[in-house]
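Examining the three-dimensional arrangement
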Amino acid sequence: MSEDACRADVWLWRARFFKTRSLAAKFLDEGKVRLTRGGSETRIDKCARPLKVGDRLVFALGGRLIAVEVAALGERRGPAEEARTLYAPMDAGQAAP
């Protein structure tokens, strides 16, 4: 994969939305994440789908609706403070193109 993209399961794990990469992969394989890129919205149905900076993700986790924009891809799973730099929270109104 190129340096300007990252596997969706790896990114969700690095951003600390999931404790393990396999939990993130299972969540993605079930089609529970919506991706908006370039004005078009799709469901991510494979954990290997690439994410790029600027992509918008919407998913429900732990009874909350999470809407974030990918701000960085990261190089490792670091502490929570570092993980928060990988995304920018969006308002629910911003999630729709």
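Structure's up top.
First things first, this report covers the structure right here in the doc. Being a predicted model, the structure only gives us computed values, none of them experimental.

So, about helix H2 (residues 21-29). Three or more residues of H2 are buried, namely Ala-24, Ala-25, Phe-27 and Leu-28. Along H2, the residues classed as buried sweep out an arc of 160 degrees about the axis, all on the same side. Projecting away from the buried face of H2 at angles above 90 degrees are the exposed residues Ser-22 and Lys-26. Looking at the buried positions of H2, the neighbouring elements they touch are helix H1 (8-14), strand E2 (33-37), strand E3 (40-44) and strand E5 (56-61). Immediately downstream of H2, the backbone of Gly-31 shows phi near 75 degrees, a positive value.

By the definition in use, this model includes six aromatic pairs. Ring geometry for Phe-18 against Phe-27: centres 5.0 Å apart, planes inclined by 50 degrees, an arrangement best described as tilted. Look at Phe-18 and you get buried, because its relative accessible area is 9%. Each ring, one from Phe-27 and one from Phe-59, has its centre 5.9 Å from the other, and the planes form 75 degrees; the classification is edge-to-face. Taken together, the residues span a long stretch of sequence, with Phe-27 in helix H2 and Phe-59 in strand E5 at a distance of 32 residues. When sorted by exposure, Phe-27 lands in the same class as Phe-59, which is buried. Within the aromatic cluster, the residues linked to one another by ring pairs are Trp-11, Phe-17, Phe-18, Phe-27, Phe-59 and Tyr-87.

Thresholds applied
Positions within a chain are numbered from 1, following the residues in the order the chain's sequence is written. Local features in a predicted model are, by the rule used here, given only for residues with pLDDT of at least 70; side-chain atom pairs are given and counted only at 80 or more, and totals for whole chains, interfaces and linings are based on all residues. Hydrogens are left out, water is left out, and the side-chain values use all remaining heavy atoms of the structure. Summary of the burial criterion: residues with accessible area below 20% of their type's maximum are buried, those above 50% are exposed, and those between are partly exposed, where the area comes from a 1.4 Å probe applied to protein chains only. Where helices and strands are cited, they refer to DSSP runs of H or I of at least four residues and of E of at least two residues respectively, numbered from the N terminus. Throughout, the arc means that of the directions going from the helix axis to the C-beta atoms. A contact between two residues is defined here by any heavy atoms of the two lying within 4.5 Å. The criterion for an aromatic pair is that two Phe, Tyr or Trp rings (for Trp, the six-membered ring) have centres within 6.5 Å, with stacked assigned to planes under 30 degrees apart, edge-to-face to planes over 60 apart and tilted to the rest.

As far as function goes, none of this settles anything; it's purely spatial.
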